Amino acid sequence: MRQSVRSVSDSENSRRNGTKRRAFAKPACGTTANSMVIKNAKFLISVADPTKIPDYGVPEIAFAGKSNVGKSSFINFLTGNGKLARTSADPGRTRLLNYFGINGGECVFVDLPGYGFAKVSKSEKAGWGAMIEGYLTTSKNLKNVFVLLDVRHEPTADDKMLLNFLYHYNIPFTVIATKCDKLSRMQQGKRRADIASAIGIGVQNVYTVSALKKTGKEEILERLDSVLYSVKGTE
């Protein structure tokens, strides 16, 4: 029977790994009591071979999604640096593992190659898949994967395959619906519910954002803060 997709929460992940989350009295570096504050971000390195990924010794947040979902724009929006991740009108330009340092080493963002792009060879697609899977299964510092989905469309077979992969390997993930500026508020609510139903998670676990209209950033920063807190709480 086909395995259903569902989100793995930080607390559930801790239980499965035999660890217990501890509360923190003080915010982590670069955070407020409610959400993280990204003060600076810089490009670190691009990696073509997942067997040679760097180890910066800090938590990593990976960003995954289809080639045209707007990953680079989202990273730039989240960090407040419009030139950090390279954006292009041509989907599929992210073909390497791109690392970005956040707040002078508080954490690292890893932009994974986009998947599902039709205008490349099958061998190149396979290479991207191997790179993504290699990183996800070998990174010692990966703490959460931000999975970006286009709010206007149903999750594709590739989207569901990625989510099932993350669930199978017990890798915590966060679902983020992008391009919400393309829909009315009412349509956003309906599409959010549809996406949640399609991948088997609660509606409250689907975050909605628009890099163009600059909406939803605070909620994502709060989520990022909670991820980093849970990491520090199990150390």
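Residues numbered from 1 in each chain as written. Predicted model: local features only at pLDDT ≥ 70, side-chain atom pairs only at ≥ 80, totals over all residues. Heavy atoms only, no water.

1. Description of the overall build of the protein chain
Helices and strands together make up the secondary structure of the protein chain, namely six helices and seven strands. The contacts of the protein chain with a sequence gap of at least 6 include a subset with a gap of at least 24, amounting to 76%. Accessible surface computed for the protein chain: about 11800 Å², of which carbon and sulfur atoms make up 51%. (Helix = DSSP H or I, 4+ residues; strand = E, 2+ residues; numbered from the N terminus. Contact = heavy atoms within 4.5 Å. Areas by Shrake-Rupley, 256 points an atom, 1.4 Å probe, with all protein chains shown as cover.)

2. Details of the pairing of strand 2 (residues 60-65)
With respect to burial, strand 2 is a largely interior element, six of its six residues being buried. Here strand 2 shows a buried face lined by Glu60, Ala62 and Ala64 and a second buried face lined by Ile61, Phe63 and Gly65. Across four bridges, the pairing between strand 2 and strand 4 (residues 107-111) is parallel. Bridge pairing in strand 4 links Ile61 to Phe109. Of the pairings in the sheet, the one linking strand 2 to strand 5 (residues 142-150) comprises six bridges and is parallel in character. (Buried < 20%, exposed > 50% of the residue type's maximum accessible area, 1.4 Å probe, protein only. Pairing = 2+ DSSP bridges.)

3. Examining the environment of Val47
Its location among the elements puts Val47 in strand 1 (residues 41-47). In this structure the C-alpha to C-alpha distance between Val47 and Leu97, which are 50 residues apart in sequence, comes to 5.0 Å. With residues near it in sequence (within four places) discarded, Val47 still touches Lys52, Ile53, Pro54, Leu96, Leu97, Tyr99 and Met131.

4. Overview of the confidence of the model for the protein chain
Mean pLDDT over the protein chain: 82, with 75% of residues reaching 70 or higher. Throughout residues 1-33 the model reports pLDDT below 50, and contacts reaching past four residues in sequence, or to other chains, amount to 74 contacts. (pLDDT = per-residue confidence, 0-100.)

5. Here we look at the nonpolar core
By size, the foremost hydrophobic cluster in this structure holds 35 residues, and its most contacted members are Leu112, Tyr135, Leu136 and Val145. Contributions of two or more residues to this core are made by strand 2, strand 3 (97-102), strand 4, helix 3 (122-138), strand 5, helix 4 (157-168), strand 6 (173-178) and helix 5 (185-199). Membership of the second largest hydrophobic core comes to 25 residues, among which are Phe63, Leu84, Ile102 and Val209. (Core = buried A, V, L, I, M, F, W, Y, C linked by side-chain atoms within 4.5 Å.)

6. Remarks on the pairing of strand 6
Burial within strand 6 is extensive, with six of its six residues counted as buried. A two-sided burial pattern is seen for strand 6, the buried positions comprising Phe173, Val175 and Ala177 on one face and Thr174, Ile176 and Thr178 on the other. Relative to strand 6, strand 5 runs parallel, the two being bridged by six bridges. Bridge pairing links Leu149 to Ala177 in strand 6. Note that the unit made of strand 5, helix 4 and strand 6 has a crossover that is right-handed. With three bridges connecting them, strand 6 and strand 7 (residues 206-208) associate as parallel partners. Bridge pairing in strand 7 places Ala177 opposite Thr208. (Right-handed = clockwise from strand over helix to strand, strands pointing away.)

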